[in-house]
Amino acid sequence: MGKSRSGRRRQAGAEAVVESVDGGLAELIPDRDRARAWILLIDGAPQSHVDLDDPAYLSFEYQRRLGHVIDLVAPPGRPVHAVHLGGGALTLARYVAATRPRSTQQVVERDAPLVQLVRRELPLDAGSRVRVRSVDAREGLAKVPDGWADLVIADVFSGARTPAHLTSTEFLDDVRRALKPGGVYTANLADGPPLAHLRGQIATAAARFEELALVADPTVLRGKRFGNAVLVASDHPLPVAELTRRAASDPHPGRVEHGRTLTDFTGGAVPVTDTAAVASPAPPASVFR
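Residues numbered from 1 in each chain as written. Predicted model: local features only at pLDDT ≥ 70, side-chain atom pairs only at ≥ 80, totals over all residues. Heavy atoms only, no water.

### Considering the pairing of strand S6 (residues 81-85)
At step 1: The buried fraction of S6 is high, at 4 of 5 residues.
At step 2: For the handedness criterion, the β-α-β arrangement of S6, helix H2 (residues 91-99) and strand S7 (residues 104-108) is classed as right-handed.
At step 3: Sheet analysis places S6 next to strand S9 (residues 149-154), joined by 4 bridges and oriented parallel. Residue pairing for S9: Leu 85 is matched across the bridge by Ala 154. (Buried < 20%, exposed > 50% of the residue type's maximum accessible area, 1.4 Å probe, protein only. Helix = DSSP H or I, 4+ residues; strand = E, 2+ residues; numbered from the N terminus. Right-handed = clockwise from strand over helix to strand, strands pointing away. Pairing = 2+ DSSP bridges.)

Structure (structure tokens):
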């Protein structure tokens, strides 16, 4: 299971935890600005932020945008069935449990040693109703009953890249199978100029869902820098106006594209199938400096 390097070191008056996991070297670094908050890094790349005292606090920009989707998927406080493909430090599962008590959640995180580390050092609240499966994302998704999920969140990275088999129409066919009628799929996508991966992912989602929206920093959408974009898809109308308002009022304001503008953004990209799928591009080293 790969815990060849394990240890603790002092940082800012708190103990940082460093362990080898399947995905590389995992570090849990204390957040000096929040008493019981931690940042998870894998091989130096930031993966998650967790505040054990306030699990509804989302530090990372892209996670706040996914949080907006969680907030809008059902009336405030209503429990939901959620599937998380990619677990990290279980930040978004904690967010759902805090903001939508009595929700039932399934997390699929392939890296079993990472899951063990997170559950040991950053334990979930008792009664959070979160089940974690340590299997591949598509394998775990295949075990979700038909029509079970109100929400499927894809946030899967291996070596800072989304695996190829999670970028295809066949993958989205299984997402649709698992969703309830009117359910919502949302994905954290990462790309940089010339945005070929992002355009292809929008075209792929458009081949399987009636309604799409994309939330991102305007500089990312203009192809000026590498960054994250949050895709939202459903067969029912999306709350675009409220999503736009929330994205615009974020500490790092984002823009929402939808409808004809989003279709035009794809620039004629074609849907990705399993036979043609490739992993998302690796981010430049400068992204994590």
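### Remarks on the packing of aromatic side chains
The geometry of an aromatic ring pair is captured by two quantities: the separation of the ring centres and the angle between the planes.
At step 1: Counted by the stated rule, this structure contains 3 aromatic pairs.
At step 2: Between Phe 171 and Tyr 185, the ring centres sit 6.3 Å apart and the planes meet at 75°, which makes this aromatic pair edge-to-face. One end of the pair, Phe 171, is in helix H5 (residues 169-178); the other, Tyr 185, is in strand S10 (residues 179-191), and 14 residues separate them in sequence.
At step 3: Between Tyr 185 and Phe 209 the ring centres are 6.1 Å apart and the planes differ by 5°, which places this aromatic pair in the stacked class. Taken together, the positions of Tyr 185 in strand S10 and Phe 209 in the loop between helix H6 (196-206) and strand S11 (211-216) put the pair 24 residues apart, joining distant regions of the chain.
At step 4: Given a relative accessible area of 5%, Phe 209 falls into the buried group.
At step 5: Each member of the aromatic cluster is reached from another via a ring pair, and the members are Phe 171, Tyr 185 and Phe 209.
At step 6: Seen from the ring of Tyr 57, Arg 34 lies directly overhead, with NZ or CZ sitting 3.5 Å from the centre.
At step 7: Taking the ring centre of Phe 265 as reference, the NZ or CZ of Arg 199 above it sits at 4.7 Å. (Phe/Tyr/Trp six-rings, centres within 6.5 Å; stacked < 30°, edge-to-face > 60°. Lys NZ or Arg CZ within 6 Å of the ring centre and 35° of its normal.)

### Some remarks on the environment of Glu 15
At step 1: Here Glu 15 shows up in strand S2 (residues 14-21).
At step 2: Taking the relative accessible area as the measure of exposure, Glu 15 reaches 36% and is therefore partly exposed.

### Some words on unusual backbone geometry
At step 1: With omega at 10°, the peptide bond leading from Pro 193 into Pro 194 counts as cis.
At step 2: Topologically, Pro 194 is positioned in the loop between S10 and H6.
At step 3: Residue Arg 102 is not a glycine yet carries a positive backbone phi of 75°.
At step 4: Here Arg 102 lies in the loop between H2 and S7.
At step 5: Even without a glycine there, the phi angle at Leu 195 is positive, about 65°.
At step 6: Within the secondary structure, Leu 195 sits in the loop between S10 and H6.

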